[in-house]
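Residues per chain, in single letters:
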Amino acid sequence: VTAVLYVEDVLLVDRCLTGEPAATRELFRRHRGRVHACLFRVLGGNRDMDDLLQEAFLQVFRSLRSWRAEASLATWIDRVAVRCAYRHLSQRQRRIATDPLEDHDAGALTAPDAGPGARRQLARDGVVRLYAVLDELSPAARLAFTLHELDGRSVAETAELVGSSVAATKLRVWRARKRVEAAAAADPVLREFVASHDREVP
Amino acid sequence: VRLAGRIPVEPLDEERLTQIERRVVAGAVDAAVRGQQLRAPGRLLAPLIAAAAIAAAAAVGWAIRGAPEDPQVAAPAPAAVPELRVQTAPQRSVVDIGDARIESDPDTAFAVTRPRGGVLVAVARGKVELEVGKRGDRPPLVVRAGDTDVVVVGTRFSVDYGDGSGDVDVRVTEGVVRVVHLQQETRVAAGQAWRTRTGLIAMAGGPRAAGAALSGAGGPTTPGADSPAARAPDRAPGGDAGREPGHEPTHAPTWGTDAPGMLHDRRAAVPDAPAPPAPPPPRPAAPAHPAGHEPPHPRPAGHDDPRLDLGAAIRAQHIEPALDLGEPSPAGAITRYYDIAAHRSGDEASQAFYSIAWVRYFRQDNPADALQALDAYVRRFPGGKQYRAALWLRVRIQCLERFDAACHAAAYTYLHEAPDAPAAHVAELLTQAE
């Protein structure tokens, strides 16, 4: 965070606290992309995404007065969004309504001579199957795994976002990874998706 | 498993984003307004009003139900008959009721009753000044002005009820009184004042100045120029507020025919001529601008306290200087302050924030941005090294612009956070400046 950005954030927050709509709009536009990506990676594509994004930002603005400018504004907003995602995961007794699994021919998709279309289909199916596995994890484990493995955050940052210790976060990530690897061993599409990390995704 | 960056994020289309943004902005503005209301000084008013409404509803219910059927419950005592009614004409009047000496301004109306051994002075309009002897074990003397009671056990003070429909202004010269308003009690000591709208405040010049504003031993005076009576725009001398048509005001108090004998030997002295006005106290000398820069804002006009030039008083207060970086251009200095604020901590960072505000105001003539930086300072560094200086600079910016709600709020905050600071006295005056 550059010095100017930091100070501008502080000033922007103060404008928001006065109820200035232009400032509120500006803050939303600055951070909406990152928050949406974070929620999407944690929860997967689902029909509640609009409501979740809205709820996360409403929560941000309700709590804005408590931001003490000790963490960067982006990190603080991410923390609020993660808390929102955690609440969503905890409240839902059933699985998250991800897109339904389609019964594609796993052999055709994973064949070495599969074309670009098949590979794109493999990526889509792999994502869906991955989130089906993640649905079986506890909310805390899912958050730790998705923030670290899918959103690319460090373990320390993940621990800060979820409010856990680094050791506990590491353990949750490790257990979730084992669970995904076990599922991938039994599912050729998921296995191929996970193993193709170094391939270029079209 | 290495999946970072592998999950493509499905973008939201513009229409959905616009809808979300609209709802978020509406919710955020609502939350901000509610937050400000919660933090406003008058936030306690709502429960008090609710309590008053409940009490009023109970009273109405009682009246509708009529007398209680239970014979054990005593009927309410009949209203006390006024023993003394006073309506003054253009002159001031002085009434000695034994328990107290009551001076009243021109066009003042009040009545004295003695319920249950105490003394109740009910003011209908105008201003009374009382000198009350020690009451010992006797019930207290109460001055009632509208819904405000001033409870006295022995002191000198004044109660100004203006035209009988607005604010009450209580000023204490000696001793202590208790002001009861909307079931809330405030102790007002010598040198302090209490007003309906502002609550407890200190008087300019302390008890001595307050004493000059009252007559008493110093002789009668005209009402203070900032009193509600003087402020009431529709209150002409000899105004008829609360006066019955065709009933000319009496120069001498009117004794009630049913007044008990103990009051019949009291005398009401009415001056033959209007009281001479008190000499105005000297104004403080206009000081030089401490920062060497005259603020670009006009002096406030219209404050009604002739005893003090508030604009000059504001400028007279010390302003903490900005961090000196030897940077000649304001923009360059601000860039460097930004850098310090972001990368340092503690006093250095707080001083940088304060310096941003200082440069914005004094060197860039940008009070709006200066106020933003000061608000940021106050939130970010409560108790910081320049905390009081930041609060005072905020007072200075707000109150040199105009005496409005923002000025009052800034002055209140400063007074609350720095009650012992040299500028606290000026802040007190600013809380009541209009």
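As the structure is a computational prediction, the values presented were derived from the model and not from experiment.

**A few points about the overall build of chain A**
- The helix and strand tally for chain A stands at 10 helices and 0 strands.
- Looking at chain A residue by residue over its 202 residues, the buried ones come to 50%.
- Considering only residue pairs separated by 6 or more positions, chain A has 65% of its internal contacts joining residues 24 or more positions apart.
- Accessible surface, chain A: about 9300 Å² in total, of which carbon and sulfur atoms supply 50%.

**Remarks on the packing of helix 4 (residues 73–91) of chain A against helix 7 (residues 139–150) of chain A**
Residues and elements named next belong to chain A.
- Where helix 4 contacts helix 7, the axes come no closer than 9 Å and their chain directions differ by 140 degrees. The orientation of helix 4 relative to helix 7 falls into the category oblique. The hand of the helix 4/helix 7 crossing is right-handed. Residues Val 82, Ala 85, Tyr 86, Leu 89 and Ser 90 of helix 4 form the contact with helix 7, whose participating residues are Pro 139, Ala 140, Arg 142, Leu 143 and Leu 147.

**As for helix 2 (residues 21–43) of chain A**
- Its maximal kink placed at Arg 32 of chain A, helix 2 of chain A deviates by approximately 45 degrees.
- Phi turns positive one or two residues past the end of helix 2 of chain A, at Gly 44 of chain A, with a value near 80 degrees.

**Comments concerning the interface of chain A and chain B**
- The interface of chain A with chain B comprises 52 residues on the first partner and 42 residues on the second.
- Carbon and sulfur atoms supply 64% of the area that chain A and chain B bury against each other, a total of about 4300 Å² over both sides.
- Arg 29 of chain A is the partner of Glu 21 of chain B in a salt bridge, and the nearest nitrogen-oxygen pair spans 2.8 Å.
- Viewed at the interface, chain B and chain A are joined by 5 residue pairs in polar contact (both at pLDDT 80 or more).
- Elements that contribute at least two residues to the side of chain A that touches chain B include exactly helix 1 (3–17), helix 2, helix 3 (49–62), helix 6 (116–134), helix 7, helix 9 (166–186) and helix 10 (188–195) of chain A.
- In terms of residue count, the dominant contributor to the side of chain A that touches chain B is helix 1 of chain A (12 residues).

**Side note on the confidence of the model for chain A**
- On average, residues of chain A score 82 in pLDDT, and 82% of them reach the 70 mark or higher.
- Taken together, the stretch residues 198–202 of chain A has pLDDT below 50 and engages in 6 contacts with residues farther than four places along the chain or on a different chain.

**Thoughts on the pairing of strand 3 (residues 100–104) of chain B**
Residue and element names in this part refer to chain B.
- Across the 5 residues that make up strand 3, a large majority, 4, are buried.
- With antiparallel pairing between neighbouring strands as the criterion, strand 2 (residues 93–96) and strand 3 make up a hairpin whose turn holds 3 residues, including Gly 98 at a positive phi of roughly 90 degrees.
- Of the pairings in the sheet, the one linking strand 3 to strand 6 (residues 127–132) comprises 5 bridges and is antiparallel in character. Residue pairing in the sheet places Ile 102 in a bridge with Leu 130 of strand 6.

**Some words on the nonpolar core**
All names here are of chain B.
- With 116 residues, the main nonpolar core has Trp 392 and Leu 430 as its most contacted residues.
- Filtering out sequence-adjacent residues up to four positions away, Trp 392 remains in contact with Ile 314, Gln 317, His 318, Ile 319, Tyr 414, Ala 423, Val 426, Ala 427 and Leu 430.
- Ile 97, Val 119, Leu 130 and Val 159 belong to the second largest nonpolar core, which has 27 residues in total.

**Overview of the packing of aromatic side chains**
Residue and element names in this part refer to chain B.
- Going through the model one piece at a time under the given rule, you end up with 6 aromatic pairs over all chains.
- Ring centres of Tyr 361 and Phe 362 lie 4.8 Å apart, and the angle between their planes is 70 degrees; this geometry places the pair in the edge-to-face category.
- These aromatic residues form a ring-pair network of at least three members: Phe 353, Tyr 377 and Phe 381.

**Some details on the environment of Glu 434 of chain B**
Residue and element names in this part refer to chain B.
- Summarising the element assignment, Glu 434 is placed in the segment after helix 11 (424–431).
- Judged by relative accessible area, which is 35%, Glu 434 ranks as partly exposed.
- Note: C-alpha distance between Glu 434 and His 408 (26 residues apart in sequence) is 9.3 Å.

**Let's talk about the pattern of salt bridges**
- A complete count under the given rule lists 33 salt bridges over all chains for this structure.
- A salt bridge links Asp 169 of chain B to Arg 171 of chain B, with the shortest nitrogen-to-oxygen separation between them at 3.3 Å.
- Asp 169 of chain B sits in the buried class, given a relative accessible area of 1%.
- Residue classification places Arg 171 of chain B among the buried residues on the basis of a relative accessible area of 8%.
- Here the residues in one salt-bridge network are Arg 34, Arg 41, Asp 78, Asp 151, Arg 153 and Glu 157 of chain A, joined through shared partners.

**A closer look at the side chain of Thr 24 of chain A**
- With respect to the helices and strands, Thr 24 of chain A occurs in helix 2.
- In this structure the side chain of Thr 24 of chain A is engaged in a polar contact, spanning 3.0 Å, whose partner is the backbone oxygen of Glu 20 of chain A.
- In this structure Thr 24 of chain A touches Cys 16 and Phe 61 of chain A together with Val 24, Val 25 and Ala 28 of chain B, once residues within four positions along its chain are discounted.

Each value, and the rule that gives it
Residues numbered from 1 in each chain as written. Chains lettered and ligands numbered in written order. Predicted model: local features only at pLDDT ≥ 70, side-chain atom pairs only at ≥ 80, totals over all residues. Heavy atoms only, no water. Helix = DSSP H or I, 4+ residues; strand = E, 2+ residues; numbered from the N terminus. Buried < 20%, exposed > 50% of the residue type's maximum accessible area, 1.4 Å probe, protein only. Contact = heavy atoms within 4.5 Å. Areas by Shrake-Rupley, 256 points an atom, 1.4 Å probe, with all protein chains shown as cover. Axes fitted to C-alpha atoms, helices over the stretch in contact; angles between N-to-C directions. Parallel < 35°, antiparallel > 145°, perpendicular 65-115°, else oblique. Left-handed = near helix turned anticlockwise from the far one by under 90°. Bend = angle between axes of the 7 residues up to and from the residue. Buried area = accessible area lost by both parts, 1.4 Å probe. Salt bridge = Lys/Arg side-chain N within 4 Å of Asp/Glu carboxyl O. Polar contact = N/O pair within 3.5 Å; in protein donor to acceptor, adjacent residues only side chain to side chain. pLDDT = per-residue confidence, 0-100. Pairing = 2+ DSSP bridges. Core = buried A, V, L, I, M, F, W, Y, C linked by side-chain atoms within 4.5 Å. Phe/Tyr/Trp six-rings, centres within 6.5 Å; stacked < 30°, edge-to-face > 60°.

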